[in-house]
There are 2 protein chains.
Amino acid sequence: MNEFEIIDKYFRPLSEGHDDFQNDAAVLKIPEGHELIVTSDAAISGTHFVTDASPENIAHKSLRRNLSDLAAMGATPLAYQLNIAFPVKPQESWLSAFTGALLRDQKEFGIYCSGGDTTSTSGPLSINITAMGLVPSGKDFTRKGAKPGDHIILTGPVGDAFIGLLVLQKKIKTVDNDYFINAAFKPTPRTALVDILRDIVNAAIDISDGLVADLNYICKASNCGADIQAVAGIFSAPALKTMIPPSDLLTGGDDYELLLAVPPANSESLLKKLTTLGLAPVKIGEFAAGQGVKIRDQNGQPITVQTPGWRHF
Amino acid sequence: MNEFEIIDKYFRPLSEGHDDFQNDAAVLKIPEGHELIVTSDAAISGTHFVTDASPENIAHKSLRRNLSDLAAMGATPLAYQLNIAFPVKPQESWLSAFTGALLRDQKEFGIYCSGGDTTSTSGPLSINITAMGLVPSGKDFTRKGAKPGDHIILTGPVGDAFIGLLVLQKKIKTVDNDYFINAAFKPTPRTALVDILRDIVNAAIDISDGLVADLNYICKASNCGADIQAVAGIFSAPALKTMIPPSDLLTGGDDYELLLAVPPANSESLLKKLTTLGLAPVKIGEFAAGQGVKIRDQNGQPITVQTPGWRHF
């Protein structure tokens, strides 16, 4: 199969019901009274995922980390552009598994592929996705609305994806390997929550660089500080069993839970609502006057972290 | 400088006047009565440009090929997402030259950078851009409106970029090396023409894969054929001097002129208008009943092409 036959057979079906692969570019209709939210993330073999990752896992990770950014902005998924650079001509079995996983995610999160680019590279497999979503005008979430006293609420535990990475790198073995690998590759972007969170939260971000780093972004943008505690529920039960130090779990990235700044008056009802939906939300502290993130462990002792989060160079 | 300092110093200024680098994603306001046009293209060192290309040339090529797709759809540039994967930590001199060239192009084509992703890779320098533009609703150009009898009009000569590639690969020497290298790296996307072409053309495409291949896309989408002639003006004067066979110039890509299907009644006035704007438009033939692209040389003899255009695998 040549490039065009591959596009026809495997990539065009990702756009089914739309006309986008027919032309030089896609046409997106934006309903009145809405803004477009746009985000891009690269997923490169050896940098963002292990080189022997399955095509399904690569697909899930590549798309979902973008969807998580849409959720952090309060947007409902609309469409995505998919650029893939292949180091060798791809096998049909690989293409079939990869696009099959994308199709399942498209269905689950209500998004379609509006176009993209396939090419060859002398380097590793590289996937660049740009995801687009819709939000009612003026209702996007930002990082800059947190106020001292706002509760810091996580939509779920952090650290599992970091442990998954250690498992994949064969640095540790656990009794819950599958659980952690799933957390690393198949996070659940919280796009289903945006309607619930709208008009309830003052600020939002997703945990991609690591809890401490991401919380710091909100603090800086909002010109405030934060006090957090390693309370019960901040880590999952399987994570606690591994005995990995809290400082590592608090700074490992890729969890893709949302971190929210919630006015105290909205806090309890929101926690209840999220629990009803089957999530395990947790209040981990409060925003405060001043600046910087202060962390205490479950015994009230300060935790020091060396590097708050992930950097590429 | 670490990753975040580099982003702050070099990439954030590409978004000046917008708030987009503050949050997880960009917010784009789409004016009422408009559709969004979206296109993505990769530019990978060694695949899309020579490995010793200058940062300025890489910037121009990466952005402009996307802008050309917007023009081919009838869209005015709005914003773009910029994903870069660096094989080694980039030098400040490189970053300064690269982003400086992007800024100049942003000014020239009326677009800004709404966000993106910087990362590291074990492979070659890779740039993935997703460009977005606006078109009045329902007024986008497509590939499928060409009708038998429509004139085939090019907004400028083809083949120069192909010769530029040969020069860069040191396969040939010419007396106009700089002219051809400029054609290869700094094409002029025809976004300034979209308002003029709207309601005038039946179909449009940009010459990226090669004239024959791109004309074929229109023929297939429009369910018709095309007869073209290697008339005067289809190649530039410097190209004619090189004595490179027409079949190579007709199938080399990356020219980024527009190929238009124009009803005969609109043809002459359009050619005149484009000439007034300083372009060198040329009518190269007509769309016809049937299918496939038939080519004749300046003496009326059929030209056969081996491969109509570029493929990655």
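Quick notes on the rules
- Residues numbered from 1 in each chain as written.
- Chains lettered and ligands numbered in written order.
- Predicted model: local features only at pLDDT ≥ 70, side-chain atom pairs only at ≥ 80, totals over all residues.
- Heavy atoms only, no water.
- Helix = DSSP H or I, 4+ residues; strand = E, 2+ residues; numbered from the N terminus.
- Contact = heavy atoms within 4.5 Å.
- Buried area = accessible area lost by both parts, 1.4 Å probe.
- Salt bridge = Lys/Arg side-chain N within 4 Å of Asp/Glu carboxyl O.
- Polar contact = N/O pair within 3.5 Å; in protein donor to acceptor, adjacent residues only side chain to side chain.
- Nonpolar A, V, L, I, M, F, W, Y, C, P; charged D, E, K, R; others polar.
- Pairing = 2+ DSSP bridges.
- Axes fitted to C-alpha atoms, helices over the stretch in contact; angles between N-to-C directions.
- 1 Å grid on protein atoms, 1.4 Å probe; cavity = no way out; pocket = protein on both sides within 12 Å on 5 of 7 lines; lining within 4 Å.
- Points joined across faces, edges and corners; volume = space filled by probe spheres on them.
- Least-squares fit on C-alpha atoms with pLDDT ≥ 70 in both.
- Buried < 20%, exposed > 50% of the residue type's maximum accessible area, 1.4 Å probe, protein only.
- Phe/Tyr/Trp six-rings, centres within 6.5 Å; stacked < 30°, edge-to-face > 60°.
- Disulfide = S-S within 2.5 Å.
- Parallel < 35°, antiparallel > 145°, perpendicular 65-115°, else oblique.
- Left-handed = near helix turned anticlockwise from the far one by under 90°.

### Some details on the environment of L215(A)
Residue and element names in this part refer to chain A.
Part 1 of the reasoning: Within the fold, L215 resides in helix α7 (residues 211-222).
Part 2 of the reasoning: In sequence terms L215 and A146 are 69 residues apart; their C-alpha atoms lie 10 Å from each other.
Part 3 of the reasoning: When neighbours within four sequence positions are excluded, L215 is seen to be in contact with I152, A226, I228, L259, F287 and V293.

### Digging into the interface of chain A and chain B
Part 1 of the reasoning: Taken together, the 59 residues of chain A in the interface contact 59 residues of chain B.
Part 2 of the reasoning: Roughly 5,100 Å² of surface becomes buried between chain A and chain B when both sides are summed, with 52% attributable to carbon and sulfur atoms.
Part 3 of the reasoning: Between the two partners, chain A and chain B, sit 4 salt bridges.
Part 4 of the reasoning: A salt bridge links D24(A) to R143(B), with the shortest nitrogen-to-oxygen separation between them at 2.6 Å.
Part 5 of the reasoning: Seen at the junction of chain A and chain B, the total is 23 residue pairs in polar contact (both at pLDDT 80 or more).
Part 6 of the reasoning: Grouping the amino acids of the side of chain A that touches chain B by side-chain chemistry returns 23 nonpolar, 20 polar and 16 charged.
Part 7 of the reasoning: As paired strands, strand β2 (residues 34-44) of chain A and strand β1 (residues 26-29) of chain B are joined by 4 bridges and run antiparallel to one another. Paired with I37(A) across the two strands is V27(B), which belongs to β1(B).

### A word on the pattern of salt bridges
Part 1 of the reasoning: Applying the stated rule across the entire model yields 24 salt bridges over all chains.
Part 2 of the reasoning: Between D254(B) and K61(B) there is a salt bridge, and its shortest N-O distance comes to 2.9 Å. Separated by 193 residues along the polypeptide, D254(B) in the loop between α9 (246-249) and β9 (258-262) and K61(B) in helix α2 (residues 55-72) bring together distant segments of the chain.
Part 3 of the reasoning: What emerges from the salt-bridge pattern is a single network uniting R64(A), D105(A) and E108(A).

### Looking at the sheet that holds strand β5 (residues 126-136) of chain B
Part 1 of the reasoning: Read across the sheet, 5 strands follow the order β1(A)-β2(B)-β5(B)-β3(B)-β4(B) without closing on themselves; strand pairing throughout is mixed. What marks the edges here is a single partner per strand, and that holds for β1 (26-29) of chain A together with β4 (112-120) of chain B. Put simply, the sheet's adjacent strands are angled 20° from each other on average, direction ignored.
Part 2 of the reasoning: Pairing analysis gives 11 bridges linking strand β2 (residues 34-44) of chain B to β5(B), with the strands arranged antiparallel.

### Looking at empty space enclosed by the protein
Part 1 of the reasoning: This model, assessed by the stated rule, comprises 3 cavities of 30 Å³ or more.
Part 2 of the reasoning: Lining the largest cavity are S40(A), Q81(A), L82(A), N83(A), N128(A), I129(A), T130(A), S40(B), N83(B), N128(B) and T130(B).
Part 3 of the reasoning: Split by residue class, the lining of the largest cavity holds 2 nonpolar, 9 polar and no charged.

### Here we look at the relation of the copies chain A and chain B
There are two copies of the chain, and a rotation about an axis plus a shift along that axis relates them.
Part 1 of the reasoning: Here chain A sits on chain B after a turn of 180° about the axis and a move of 0.0 Å along it, with an RMSD of 0.0 Å. Considering both components of the superposition, the chain copies are consistent with a two-fold axis. When each C-alpha of chain A is compared by its distance to the rotation axis, G123(A) comes out closest, at 1.8 Å.
Part 2 of the reasoning: Taken as a fraction of all interface residues of chain A, those also at the interface in chain B reach 100%, which identifies the copy contact as same-surface.

### Structural notes on unusual backbone geometry
Comment: phi is negative for the bulk of residues other than glycine, and the bulk of peptide bonds are trans.
Part 1 of the reasoning: Here the phi dihedral of M243(A) falls at roughly 65°; this positive angle occurs in a residue that is not glycine.
Part 2 of the reasoning: Overall, the relative accessible area of 71% leaves M243(A) in the exposed class.
Part 3 of the reasoning: Positive phi, normally seen in glycine, also occurs at D254(B), with a value near 70°.
Part 4 of the reasoning: By relative accessible area, which is 23% here, D254(B) ends up partly exposed.

### Brief notes about the environment of R64(A)
Part 1 of the reasoning: Note on placement: R64(A) falls in helix α2 (residues 55-72).
Part 2 of the reasoning: Separated by 71 residues in sequence, R64(A) and V135(A) have C-alpha atoms that sit 18 Å apart.

### Focus on the packing of aromatic side chains
Residue and element names in this part refer to chain B.
Part 1 of the reasoning: A complete count under the given rule lists 8 aromatic pairs over all chains for this structure.
Part 2 of the reasoning: Relative to F98, the ring of W94 has its centre 4.7 Å away and its plane inclined at 15°; by these criteria the two rings are stacked. Residue W94 and its partner F98 are located together in helix α3 (residues 92-109), separated by 4 residues, close to a single helical turn.
Part 3 of the reasoning: The class of W94 is buried, set by a relative accessible area of 18%.
Part 4 of the reasoning: Here F98 falls in the buried class, since its relative accessible area comes to 0%.

### Description of the environment of A213(B)
Part 1 of the reasoning: By secondary structure assignment, the location of A213(B) is in helix α7 (residues 211-222).
Part 2 of the reasoning: Here the alpha-carbon distance between A213(B) and G252(B), two residues 39 residues apart in the chain, equals 9.4 Å.

### Topic: the sheet that holds strand β11 (residues 292-296) of chain A
Residue and element names in this part refer to chain A.
Part 1 of the reasoning: The sheet built from 6 strands is open, its strands ordered β7-β9-β6-β10-β8-β11 with mixed pairing. Where the open sheet ends on each side, the last strands, each with one partner, are β7 (203-206) and β11. Within the sheet, the average angular offset between the axes of one strand and its neighbour, ignoring direction, is 25°.

### Notes on the state of the cysteines
All names here are of chain A.
Part 1 of the reasoning: Tallying each qualifying case throughout the model produces 0 disulfides over all chains.
Part 2 of the reasoning: C224 takes part in no disulfide bond, and the closest cysteine sulfur, belonging to C219, lies 4.8 Å away.
Part 3 of the reasoning: We classify C224 as buried; its relative accessible area is 2%.

### A few points about the packing of helix α4 (residues 160-168) of chain B against helix α5 (residues 177-185) of chain B
Residue and element names in this part refer to chain B.
Part 1 of the reasoning: Running from amino to carboxyl end, α4 crosses α5 at an angle of 110°, the nearest separation of the two axes being 7 Å. When the axes of α4 and α5 are compared, the pair comes out roughly perpendicular. As α4 packs across α5, the resulting crossing turns out to be left-handed. Counting all contacts with α4, which are made through D160, A161, I163, G164, L165, V167 and L168, the residues of α5 involved are N177, Y179, F180, I181, A183, A184 and F185.
Part 2 of the reasoning: Residue composition of the contact of α4 with α5, grouped by class: 11 nonpolar, 2 polar and 1 charged.

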